[in-house]
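Listed below, chain by chain, are the residues.
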Amino acid sequence: MSNLVIVESPAKAKTIKKYLGKDYDVVASMGHVRDLPSARLSVDVNNNFAPKYEVIKGKEKLVDELQSKAKSSDKVYLATDPDREGEAISWHLAYLLDLPLDEVDRVEFNEITKTGVKNGMASPRTINIDLVNAQQARRILDRLVGYKLSPFVSQKIHRGLSAGRVQSVAVRIIVDRENEIRAFKPEEYWSIDAKFIPKGSRKAFSAALYGDKNGKIKIKNKEQADKILADLEGADFIITKVKNGTRKKSPAPPFITSTLQQEASRKLNFQSRRTMKVAQELYEGVELEGIGAIGLITYMRTDSLRISNDAIADAQTYIRDTYGDKYLPAKPRHFKSRAGAQDGHEAIRPSTPSITPAQIKGSVTNDQYKLYKLIWERFMASQMADCIQKTTQADIEGNGYIFKAAGYRVDFDGFTTLYVESKDDEDDKDNRILSLEKDTPCKAKELLGNQHFTQPPARFTEASLIKALEEYGIGRPSTYAATISTITSREYVKREGKTLVPTELGEALAGLMKERFPKIVNVKFTAQMEQELDTVESGETEWVELLDGFYTDFDKTLKKAKADMQGVKIELEEDKTDIICEKCGRQMVVKVGRYGKFIACPGYPDCKNVKKYVENVGVKCPKCDGDVIVKRTGKGKIFYGCSNYPNCDFVSWYEPVEERCPNCGDILFKRKGKKGGLFCQHEGCGYKK
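Predicted model, so just to flag it, every value in this text is computed and none were measured.

Honestly, unusual backbone geometry in this entry has me stumped. Any pointers?
A negative phi angle characterises most non-glycine residues, just as the trans form characterises most peptide bonds. Cis geometry marks the peptide bond from Y645 to P646; its omega dihedral reads 10°. If you trace the backbone, P646 turns up in the loop between strand 25 (638-642) and strand 26 (651-652).

Take a look at the structure:
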């Protein structure tokens, strides 16, 4: 019996081949094999939005090989990824390999382990055409928006822009937040903060002024704060009320796609694209010393919190053996998925929980180790006992004023011995507190009036933007990484540290879209469209009907925008330069062409003067009097070199700065990342800042 199994990647093929044996030939399709050609719209809007698919350029030979193998096989199994995209790839393969759609040949692997592969092969099914149509509807909808809108925004702002369905909303959300920050007017307020030492103790605890017997006091200015401090001078303080309690802190659930991306951003400083790339590698399989090829995690595109009973049992065994019975909860934990979540796959967890991060460290890359450790610890902690904290709340009175103190001490660490979830708005303040008793006199070690100002909303980070997109119901978890990558690579948004800041270009795009295509960038409309696309997947809505309803209104809006804005061009400040055209005297501008940016005279076609675009970092070359400029390798990686090249050979991967080394006087360079800072490259110096 000759069996052909087609998966998406060579790594996955290698791992699965190990479990299926010699009777199976396992080959990779290398992702999608057929798609809408990029050179044209490839959708017949007048014929039920019929897509015009073609074999992807460069994959003709691969398709020929797959067709040859399929013809010589007794049975073909389509084992692409277990999601909407994977289903569509299987459908395209069935078409190219002439496999009937009623053939029971579609298999799914939720985990690439011996059990996972065995279970998948034991339960083949037909291709789910509703799932395929859901993918087609999204693909065609995004193609219609992208291909119809992109030329319009390129014409109105500058060449080479794109306006995607989800990316435009993401840019709008970031721009709206920036406008909130600009419009924010800070208000002054004060606090009176104290440190008290109870009688008989040497340790102080912190408290803050609450008010007086009439209620809470809001301190608006320094004069009011100074008056209270004067009233408190020399006061006798006593603890008048103590309330002790117990609270339980429960572990976070195991990861889904969005929470994995958020937590990897917070804890590991991974961008979402990097997270998904590494997660894919862990799912498809890695070669472990003493074990062989094995998939280390379950499928990483999921929004379900369901966990198999076998996985829970494995986790319980490990926790009992490692930490003892007291670290197990009274009963196994099950988590409820959010409304509308797809329950096709489990939560993201280690496929074999007994394989610890320490066991794989010598066999995997650093990124794979870090991400596996994060997933493993989160899953294990989700099945551990609560953290028990003893809480204390106290009132301290003096001269009629009331201070309040609140804190806790850990009575039992529970799951926190292994893992604690990070937050976007981490509060570093440690509010552990002493055991306090009522009627205990206290000495004021410190009484300070502190000025504060109300703070504007924080800029989005990658983690908080993903959280917002998920809460709004925009896009799908599997698309977040690509969306963020697109808006940053298109320079609609730039990264400043961990925050995402809109560029002038991004703000211009968002403004144009809000004015002319309000539905496209309307958060509620986009979320509603997302829900309607999900109804295609469930078989409730015909995909052609959905596209027709959207396109009719969209086409009218686009035609009106083109008519209303005929001859209108949005000028950007960032496109202007201080270079004067030596041929006609006009101020030259930055333009975007097929090969990137260049400097041109705005008088075209009367004046056709152009210059090379050079990004100057504002530092003189350490070898000559030239300027240090930004350069790029053939693959787009940034490095720094001298403008006098080839006469000067200065080059560096690190950005030089104006500051000089205090030890040797040489130029300093900037290193980015967690271990960032300035350093000297002069041989034998070693200065770092």
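Is there a simple way to think about the side chain of T488 in this case?
Within the element layout of this structure, T488 appears in helix 14 (residues 480-489). A distance of 2.9 Å separates a polar side-chain atom of T488 from the backbone oxygen of I484. With near-sequence residues (within four places) excluded, T488 lies in contact with V493, R495 and L500.

Teacher, can you tell me more about the packing of aromatic side chains here?
Two aromatic rings are characterised by how far apart their centres lie and by the angle between their planes. Counted according to the given criterion, the structure contains 18 aromatic pairs. Seen from their ring centres, F49 and Y551 are 5.8 Å apart, and the 80° between their planes marks the pair as edge-to-face. Here the residue F49 occupies a position in the loop between strand 4 (43-44) and strand 5 (50-51), and Y551 occupies one in helix 17 (residues 543-564), the gap between them amounting to 502 residues. One exposure class covers both F49 and Y551, and it is buried. A ring pair is formed by F196 and F237, whose centres lie 5.0 Å apart and whose planes are at 50°; its orientation type is tilted. One end of the pair, F196, is in strand 8 (residues 188-198); the other, F237, is in strand 11 (residues 237-249), with 41 residues separating them in the sequence. With respect to burial, F196 and F237 carry one shared label: buried. Ring pairs connect the aromatic residues F49, F152, F517, F550, Y551 and F554, which therefore count as one cluster. Seen from the ring of F460, R177 lies directly overhead, with NZ or CZ sitting 4.2 Å from the centre. Sitting above the plane of the Y210 ring, K404 keeps its charged end 5.0 Å from the centroid.

I keep staring at the pattern of salt bridges and nothing clicks. Help me out?
Oppositely charged side chains may form a pair once their charged atoms are brought near each other. All chains considered together, the criterion is met by 51 salt bridges. When the shortest N-O distance is used, the salt bridge between R84 and E537 registers 2.6 Å. Taken as a pair, R84 in helix 3 (residues 84-96) and E537 in helix 16 (residues 523-537) lie far apart in primary sequence, 453 residues in all. Given the relative accessible area of 13%, R84 is considered buried. We classify E537 as buried; its relative accessible area is 18%. Between E496 and R459 there is a salt bridge, with its nearest N and O atoms 3.4 Å apart. Note that E496 is positioned in strand 17 (residues 493-496) and R459 in the loop between strand 16 (441-453) and helix 13 (462-472), a separation of 37 residues in sequence. According to the relative accessible area criterion, E496 is partly exposed, its value standing at 39%. One salt-bridge network, held together by shared partners, links R84, R138, D142, R165, D303, R338, E470, R476, E530, D534 and E537.

Could you clarify how one ought to interpret the environment of Q587 in this entry?
Note on placement: Q587 falls in strand 20 (residues 587-593). By relative accessible area, which is 43% here, Q587 ends up partly exposed. Separated by 13 residues in the primary sequence, Q587 and A600 have C-alpha atoms spaced 9.2 Å apart. If we ignore the near neighbours within four places in the chain, the residues touching Q587 are K576, T577, D578, I579, I580 and P602.

I would appreciate a short explanation of the sheet that holds strand 27 (residues 655-660) in the present structure.
Sheet strands pair via backbone hydrogen bonds, and the direction of the pair is either parallel or antiparallel. Spatial strand order, 27-28-29: three strands in an open sheet with antiparallel pairing. Looking at which strands have only one partner, the edges of the open sheet turn out to be strand 27 and strand 29 (677-680). Geometrically, the sheet is characterised by an average inter-axis angle of 45° between neighbouring strands, direction not taken into account. When strand 28 (residues 667-671) meets strand 29, the two strands line up antiparallel, connected through four bridges. Looking across to strand 29, one finds that F669 is bridged to F679.

What am I meant to see in the packing of helix 10 (residues 309-323) against helix 12 (residues 366-382) here?
For any two helices packed against each other, the geometry comes down to the angle between their axes and how far apart the axes lie. Running from N to C, helix 10 and helix 12 point in directions that differ by 90°, and their axes come no closer than 9 Å. Between helix 10 and helix 12, the angle falls in the class roughly perpendicular. From helix 10, A311, A315, Y318 and I319 reach across to helix 12, where they touch W376, F379 and M380. Residues of the contact of helix 10 with helix 12, tallied by class, amount to seven nonpolar, no polar and no charged.

What is the right way to read helix 5 (residues 129-156) from this model?
Spacing of three or four residues puts side chains on the same side of an α-helix, whose turn is 3.6 residues. A rise of 1.5 Å per residue sets the reference length of helix 5, with its 28 residues, at 40 Å; its end C-alpha atoms lie 40 Å apart and thus fit the reference within 8%. Largest kink in helix 5: about 30°, centred on L149, with the proline P151 one to four residues after it. For helix 5, the side-chain oxygen to backbone nitrogen distance between the N-cap and D130 is 3.0 Å, and the N-cap itself is N128.

Is there a simple way to think about the UniProt feature "active site" (unreviewed entry) in the protein in this case?
UniProt records the feature "active site" (unreviewed entry) at Y299, using the numbering of this structure. Tracing the chain through its elements places Y299 in the loop between strand 13 (292-294) and helix 10. The contact partners of Y299, leaving out residues within four places of it in the chain, are D81, P82, D83, N110, Y283, H345 and I348.

What is the right way to read the pairing of strand 7 (residues 75-78) from this model?
In regular strands, side chains alternate between the two faces of the sheet. Alternating positions in strand 7 separate into two faces, K75 and Y77 on one and V76 and L78 on the other, with burial throughout. As paired strands, strand 1 (residues 3-7) and strand 7 are joined by four bridges and run parallel to one another. Bridge pairing in strand 7 places N3 opposite K75.

Would you explain the packing of helix 8 (residues 257-268) against helix 12 in this entry?
Running from amino to carboxyl end, helix 8 crosses helix 12 at an angle of 115°, the nearest separation of the two axes being 11 Å. Read as a crossing pair, helix 8 and helix 12 show a hand that is right-handed. Facing helix 8, whose interface residues are T259, L260, E263, A264, K267 and L268, helix 12 presents K370, L371, L374, I375 and R378. Of the residues that constitute the contact of helix 8 with helix 12, the class distribution is six nonpolar, one polar and four charged.

Can you help me understand the environment of L282 in this one?
Within the secondary structure, L282 is located in helix 9 (residues 272-284). It is 34 Å that separates the C-alpha atoms of L282 and A458, two residues lying 176 residues apart in sequence. The contact partners of L282, leaving out residues within four places of it in the chain, are G295, L296, I297, Q368, L371 and Y372.

Rules behind the numbers
- Residues numbered from 1 in each chain as written.
- Predicted model: local features only at pLDDT ≥ 70, side-chain atom pairs only at ≥ 80, totals over all residues.
- Heavy atoms only, no water.
- Helix = DSSP H or I, 4+ residues; strand = E, 2+ residues; numbered from the N terminus.
- Polar contact = N/O pair within 3.5 Å; in protein donor to acceptor, adjacent residues only side chain to side chain.
- Contact = heavy atoms within 4.5 Å.
- Phe/Tyr/Trp six-rings, centres within 6.5 Å; stacked < 30°, edge-to-face > 60°.
- Buried < 20%, exposed > 50% of the residue type's maximum accessible area, 1.4 Å probe, protein only.
- Lys NZ or Arg CZ within 6 Å of the ring centre and 35° of its normal.
- Salt bridge = Lys/Arg side-chain N within 4 Å of Asp/Glu carboxyl O.
- Pairing = 2+ DSSP bridges.
- Axes fitted to C-alpha atoms, helices over the stretch in contact; angles between N-to-C directions.
- Parallel < 35°, antiparallel > 145°, perpendicular 65-115°, else oblique.
- Nonpolar A, V, L, I, M, F, W, Y, C, P; charged D, E, K, R; others polar.
- Expected span 1.5 Å × (residues − 1).
- Bend = angle between axes of the 7 residues up to and from the residue.
- UniProt positions renumbered as here; feature names shortened; annotations may be inferred.
- Left-handed = near helix turned anticlockwise from the far one by under 90°.

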